[in-house]
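# Architecture and fold: a report
Letter by letter, the chains look like this.
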Amino acid sequence: MATTTLEPRASTYRRSWVLEWLTTVDHKKIGILYIVNSFLFFFAAGILALLIRSELAIPGIQFLDQATYNQAFTMHGTIMLFLFIIPALSGFGNYIVPLQLGAPDMAFPRINALSFWLLPLGGLLIFSGYLFGGAAAEGWTGYAPLTNRAEGVGTDLWIVGLTLVGTASILGAVNFIATIFKMRAPGMTLFRMPIFVWTVLVTAVLILLATPVLTAGLIALFIDRNYGGSFFDPSVGGNPVLWQHIFWFFGHPEVYIVILPAMGVVSEILPVFSRKPLFGYRAFVFATIAIGLLSFSVWAHHMFTTGSVLLPFFSFMTALIAIPTGIKMFNWLATLWRGKLILATPMLFALGFLSMFLIGGISGVMLASPPIDFHVQDTYFVVAHLHYVFFGGSVFGVFAAMYYWFPKMTGRKLNEPLGKIHFWIHFIGFNLAFFPMHQLGLDGMPRRISDYSADAGWTLLNMVSTVGAFMIAVSIIPFLINVVATFINGEPAGDDPWEGNTLEWATSSPPPAYNFDRLPPIHSERPLFYLTHGHGHSAERPDDLERDAEDDPERRDGLA
Amino acid sequence: MPDTAIGFVLLGIGILVVLGVVFAISSRGGPASTAGSPPRGVHLPGPSFLPVVLSVAVALMGAGLAFRGEDQLANPFLAIPGLLVLVIGSIAWVRAANHEWREVEHGSHDDGPAH
Amino acid sequence: MTTRQMQAHPAGEHEAAAAIQHGDSGMPTALLGMLLFIASEVMFFGGLFATYFNARATTPGAWGPPEGAHELDIALAGALTAILIASSFTMQFGVWAVRRGDTGKLKMWTGITLALGVLFLMGQIYDYSQLGFGIADGVFGTTFYTLTGFHGAHVFGGAVGLTIILARAVRGQFSARNHVAVEAVSMYWHFVDVVWVAVFSTIYLLR
């Protein structure tokens, strides 16, 4: 069934396209499958968000009873995190990383396909709770003992589905790390890899080390629910705080898993659209590694109010992690400084990322302080923070990646005016939806409530937030129109529509099955830039020209 | 709104969106390719059903665990077919990988196996 | 937008591709994959150990099998430990043999390792049958069976891997130059052994 030698016809003959996409092991097709699948889940979870916001716009229960409301915010969070953001970024990673490395595919192509297919199936399991008496309803964080005692099969489906999704992630991480270490083109040392590849590498290490802990916790929870276990339920001798420790030991690296690739995307886009190299490449690399390492030391800042954690330690480590993040911020700004800015849609989303993630980061540092956190824990302040970093950060990164790499993946450029309309409605809607939540949290509005009193004084801000949410939904319309219309009849993009610096632009759009006919020589982290502009024609010099001679056969042979 | 209704609404919307995307992708046609064959030394594995098959098998087993009855380890109608398919699929996978390794060892040393 | 003139690296690409798969430059890719997978499994057991330690630290009263059940059988567990440690030695002898090209010894040592692994599993099952408490019998029961049970499942997985390489060895598919699967399975087997030493030390010795 599986052949190993390349069929020369494989890239040119057309079988049934259903079979082709079902059986593909090509990282590019798998990347597209990831992205399409994740956007489907995005829409599903987005609809849930609209339901939530509609219910909360004014006091009183309008149409979602409490049980259904609980399912809505649980599924919204679970789907957005596990089935939209991470797979979407994974999809871009799958498509782009081998290209940026000059490799023909990922290290383990068939396992790559397995990693993908586990996702829609896991998602189906999670969602199918709705068909069998109610989906999981205990929040995406699944706190015990609520999850221990929840009736019905929805929570069990959530546990099992997440285990599948987690396993898929872990396999993907193995693939990415092996690919990055073993399949770089000649001349591409680690410190010449694009920053996007670095962020994918660190993300993969985080996934590899953090997700198994979640798996252990989920299995323990399943045992508690189904086989009479006593891990988390205090009524049988268990410890509910144990669940929080296990969950957040995974959960905190998880949020860095979500943000780092988006930071990588932004680090790719800013230099290209400022016509300047990225400022401080090495600092970026070390900052990313530092964030990865530190992310394992901060988990209990989600648990300050349990009374069971060492507050000074976790507060200190959390504040510390703001430093490498701040370094990145300054490096991005320095990249923009005095650049010839081109405000195309990818750049707009990248700039949106910078500003929105900054706000989210600031509210995060505020939350790192226990005196503040004790006041706003489990309020809308936290909801504001997480949406600024997840949505303003990662999702803006996903859209930036979409607009940036769509031409490479399809050979056609997305329409610019439609893209700008999408961006602006999205940006304004996003801020309208989530900025008021900071104030709501400070005013004491708890999260995960389906209703509130008209006397609380929260009504106006909730209404504003709901308007913003619907604006976000409306902004998706020009995006969808853009994507579909461009697929059908878009303007051809050519190999390198943005004048990029990295290797993915050195091949056709879309690339052939084996990615490259030939590779340009690699002497720096901007191999394409030097190919066009030549050595010594710009203010930059490729690094280590002398040391290159040993590892570049062409130079050694005196051909360069 | 009852839970199942929401489920069906979401399913319905999902189906419509899927069909829309499918229409868009299929109307564009198959993958473009400008060159006939890859450079020497580049080895690409062939397509395979096994990833889908194994994913379905594991999902069946998972569903079996979730839908278990009282005093059962798992629901046998879901878990046993899932386990069978998993075992058979895994054997097929390992055999395919073995076959590819042997081709490398006994064929040219140009290229390596896929997984 | 400009078109690019490429300089070809046909020789470099070819050598690089072959080198990557055969691991001429460093570790074979498949072996790296196995090591990474083992790292994730270490973290999985880390999570399970965390539940054990937390339960141990926060559960009031005596820590051990519930009233009326047998005490843990350290002698049997100790024997199982010895069996598994021995099997790591025999596995390594097999790896050294195939590195020398001695496929006969490879088959022998792999067979012995597999037999020891199966013996471990049988011993574990026998132990379970004698214990007199279950996973639903309190915090100790839950953590004990989860930790040892998942370890046993990993031993079973390793046994499956050993069976596969034994079969392939019998069919003559390994040589000094090409035996990555043997190396990979041996790494996994050593990992399973190390985890057992940790489980045994924690549950039976440290208590």
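Conventions and cut-offs
- Residues numbered from 1 in each chain as written.
- Chains lettered and ligands numbered in written order.
- Predicted model: local features only at pLDDT ≥ 70, side-chain atom pairs only at ≥ 80, totals over all residues.
- Helix = DSSP H or I, 4+ residues; strand = E, 2+ residues; numbered from the N terminus.
- Buried ≥ 20, exposed ≤ 12 C-beta atoms within 10 Å, placed from the backbone.
- Contact = placed C-beta atoms within 7 Å.
- Core = buried A, V, L, I, M, F, W, Y, C linked by C-beta atoms within 7 Å.
- Domains from an automatic or database assignment.
- pLDDT = per-residue confidence, 0-100.
- Expected span 1.5 Å × (residues − 1).
- Axes fitted to C-alpha atoms, helices over the stretch in contact; angles between N-to-C directions.
- Parallel < 35°, antiparallel > 145°, perpendicular 65-115°, else oblique.
- Left-handed = near helix turned anticlockwise from the far one by under 90°.
- Nonpolar A, V, L, I, M, F, W, Y, C, P; charged D, E, K, R; others polar.

### Describing the overall build of chain B
Scanning chain B from N- to C-terminus turns up 3 helices and 0 strands. Helices (α) and strands (β) of chain B occur, in sequence order from the N terminus, as α-α-α. Expressed as a percentage of its 115 residues, the buried residues of chain B come to 35%. Within chain B, contacts between residues separated by at least 24 positions form 44% of all contacts whose residues are at least 6 apart in sequence.

### A short note on the overall build of chain C
The helix and strand tally for chain C stands at 6 helices and 0 strands. Within chain C, the fraction of its 207 residues that count as buried is 39%. For chain C, contacts bridging at least 24 residues in sequence account for 79% of all contacts bridging at least 6.

### Considerations on the nonpolar core
Residue and element names in this part refer to chain A. Grouped together as the largest cluster of nonpolar side chains are 255 residues, with contacts concentrated most on Ile85, Ile177 and Ala400. Of all the elements, helix 7 (residues 195–226) adds the most residues to this core, at 23 residues. Split by domain, this core shows at least three residues from each of two domains, domain 1 (28–519) and domain 2 (520–560). Beyond its immediate stretch of four places on either side in the chain, Ile85 contacts Met80, Val258, Phe390, Ser394, Val395 and Val398.

### A few points about the environment of Val42 of chain C
The residue Val42 of chain C is located in helix 2 (residues 29–58) in this model. Along the chain, Val42 of chain C and Val194 of chain C lie 152 residues apart, while their C-alpha atoms are 9.9 Å from each other.

### So, the confidence of the model for chain C
Residue and element names in this part refer to chain C. Averaged over all residues, the pLDDT of chain C equals 88, while 88% of them reach at least 70. Across residues 1–24, where pLDDT falls below 50, the model places 55 contacts with residues more than four positions away in sequence or in other chains. The ipTM value of the predicted complex is 0.89, and its pTM value is 0.88.

### Comments concerning helix 10 (residues 311–336) of chain A
Residues and elements named next belong to chain A. Helix length check: helix 10, at 26 residues, gives a terminal C-alpha distance of 38 Å against a target of 38 Å (1.5 Å per residue), a fit within 8%. All of the buried residues along helix 10 are Phe314, Ser315, Thr318, Ile321, Pro324, Thr325, Lys328, Asn331, Trp332 and Thr335. Contacts made by the buried residues of helix 10 are with helix 8 (240–274), helix 9 (281–294), helix 11 (345–367) and helix 12 (370–376). Taken from the residues just after helix 10, Arg338 is the one with a positive phi, measuring 60 degrees.

### A word on the environment of Ser274 of chain A
Residues and elements named next belong to chain A. Its location among the elements puts Ser274 in helix 8. Taking the C-beta count within 10 Å as the criterion, Ser274 has 21 such neighbours and is therefore assigned buried. Along the backbone, Ser274 and Arg338 are 64 residues apart, and their C-alpha atoms lie at a distance of 8.2 Å.

### Things to note about unusual backbone geometry
Residue and element names in this part refer to chain A. Following Ala144, the chain continues to Pro145 via a peptide bond in cis, the omega torsion being -5 degrees. Looking at the element boundaries, Pro145 is found in the loop between helix 4 (109–127) and helix 5 (146–149). For the bond running from Ser509 to Pro510, omega is -10 degrees, close enough to zero to count as cis. Mapped onto the elements of the fold, Pro510 is located in the loop between strand 2 (491–492) and helix 16 (527–533). A positive phi angle, close to 60 degrees, is found at Arg448, a residue other than glycine.

### Here we look at helix 15 (residues 459–489) of chain A
Helix length check: helix 15 of chain A (31 residues) gives 46 Å between terminal C-alpha atoms against 45 Å at 1.5 Å per residue, within 8%. Contacts made by the buried residues of helix 15 of chain A are with helix 2 (27–56), strand 1 (412–413) and helix 14 (416–442) of chain A.

### Regarding the environment of Met187 of chain C
Residues and elements named next belong to chain C. Within the element layout of this structure, Met187 appears in helix 6 (residues 180–206). Given 17 C-beta atoms within a 10 Å radius, Met187 is considered partly exposed. Here the alpha-carbon distance between Met187 and Met27, two residues 160 residues apart in the chain, equals 13 Å. Once residues lying within four places of it in the same chain are set aside, the contact partners of Met187 are Met34, Leu35 and Ile38.

### Section: the packing of helix 10 of chain A against helix 11 of chain A
Residue and element names in this part refer to chain A. Two elements in contact, helix 10 and helix 11, have axes whose closest approach is 11 Å; the angle formed by their N-to-C orientations is 160 degrees. What the angle tells us is that helix 10 and helix 11 run roughly antiparallel. Crossing of helix 10 over helix 11 shows left-handed handedness. Contacts from Ala319, Ala322, Thr325, Met329 and Trp332 of helix 10 reach helix 11 at Leu354, Leu358, Gly361 and Val365.

### Overview of the confidence of the model for chain B
Should the pLDDT be low somewhere, the predicted coordinates at that spot are not to be read in detail. Residues and elements named next belong to chain B. Confidence in the prediction of chain B, expressed as mean pLDDT, is 72, and 52% of residues score 70 or more. Looking across chain B, the model is least confident in helix 1 (residues 3–28), with a mean pLDDT of 58, and most confident in helix 2 (residues 50–66), with 95. Low pLDDT (under 50) marks residues 25–36, which in the prediction has 20 contacts with non-local residues, meaning those over four places away or in another chain. Here residues 108–114 is modelled with pLDDT under 50, and outside its nearest four sequence neighbours on either side it reaches 28 contacts, counting other chains as well.

### Examining the packing of helix 6 (residues 154–182) of chain A against helix 2 of chain C
In contact at an axis separation of 9 Å, helix 6 of chain A and helix 2 of chain C are set at 140 degrees when each is read in the N-to-C sense. Relative to helix 2 of chain C, the element helix 6 of chain A lies oblique. When the axes of helix 6 of chain A and helix 2 of chain C are compared, the crossing they make is right-handed. Across the interface between the two elements, Ile170, Val174, Ile177, Ala178, Phe181 and Lys182 of chain A of helix 6 of chain A pack against Thr29, Leu32, Gly33, Leu36, Phe37 and Ser40 of chain C of helix 2 of chain C. In terms of residue class, the contact of helix 6 of chain A with helix 2 of chain C is made up of 8 nonpolar, 3 polar and 1 charged.

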